[in-house]
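Remarks on the overall topology
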Amino acid sequence: MDAKSQQMETQLQLLKKEQSAAEDFLQDLQRQQNEQEWLAEDFARVHQEERESLELLREVWQGAESRSFGYYLADLQEEEKQKWHKKIQANQEECKQKITACQKNIYQLENQQQDLQKELLQ
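Now for a description of the structure that goes with this document. (Residues numbered from 1 in each chain as written. Predicted model: local features only at pLDDT ≥ 70, side-chain atom pairs only at ≥ 80, totals over all residues. Heavy atoms only, no water.)

Looking only at helices and strands, the protein features two helices and zero strands. Taking 14 Å as the expected radius of gyration for a compact globule of 122 residues, we find that the protein reaches 27 Å, considerably beyond that expectation. Its C-alpha atoms put the protein at 90 × 15 × 15 Å along the principal axes. Each of the 122 residues in the protein was classed as buried or not, and the buried ones make up 19%. (Helix = DSSP H or I, 4+ residues; strand = E, 2+ residues; numbered from the N terminus. Rg over C-alpha atoms; globule rule 2.2 N^0.38 Å. Buried < 20%, exposed > 50% of the residue type's maximum accessible area, 1.4 Å probe, protein only.)

Spelled out as structure tokens, the structure:
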């Protein structure tokens, strides 16, 4: 094996290691994406339970001041829900972008490996 072939073989091995690391990173990103989806589902469940609790409290409370406080709590809960929802969506979008970038990187690494293998076979 001449020096050029040896260098190409070494480069090919480095690309394979880099691809393996990128695939591991992609799996981590996909795991994070799944966790974000679970978080969104859990959040929706908690939000539903909070609404049900507020409805129950409204039925129990009496007087104008008590009802006003109930509406205040409902508004507060809605604001909190919107903040969490935006944060979860931003995290999911960021995760999707990272996954897309990682997939493109893996694709490029695969193409580089194929090119090197073709050169080695010639």
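Scanning the entire structure with this criterion turns up four salt bridges. Note that Arg45 is salt-bridged to Asp42, the shortest N-O span being 2.4 Å. Of the two residues, Arg45 and Asp42 both sit in helix H1 (residues 3–60), three residues apart, roughly one turn of that helix. On the basis of relative accessibility, which here comes to 38%, the residue Asp42 falls in the partly exposed class. In this structure, Lys81 and Glu78 form a salt bridge, with 3.6 Å as the shortest nitrogen-oxygen distance. (Salt bridge = Lys/Arg side-chain N within 4 Å of Asp/Glu carboxyl O.)

What follows is about a nonpolar patch on the surface. A cluster of nonpolar side chains, Phe69, Tyr72 and Leu76, forms an exposed patch at the surface whose accessible area comes to about 300 Å². The residue Phe69 is located in helix H2 (residues 64–121) in this model. With relative accessibility at 42%, the residue Phe69 sits in the partly exposed group. (Patch = residues over 30% accessible without salt bridge, like charges linked within 9 Å, V, L, I, M, F, W, Y side chains within 5 Å. Areas by Shrake-Rupley, 256 points an atom, 1.4 Å probe, with all protein chains shown as cover.)

Limitation: the analysis is restricted to geometry and does not speak to function.
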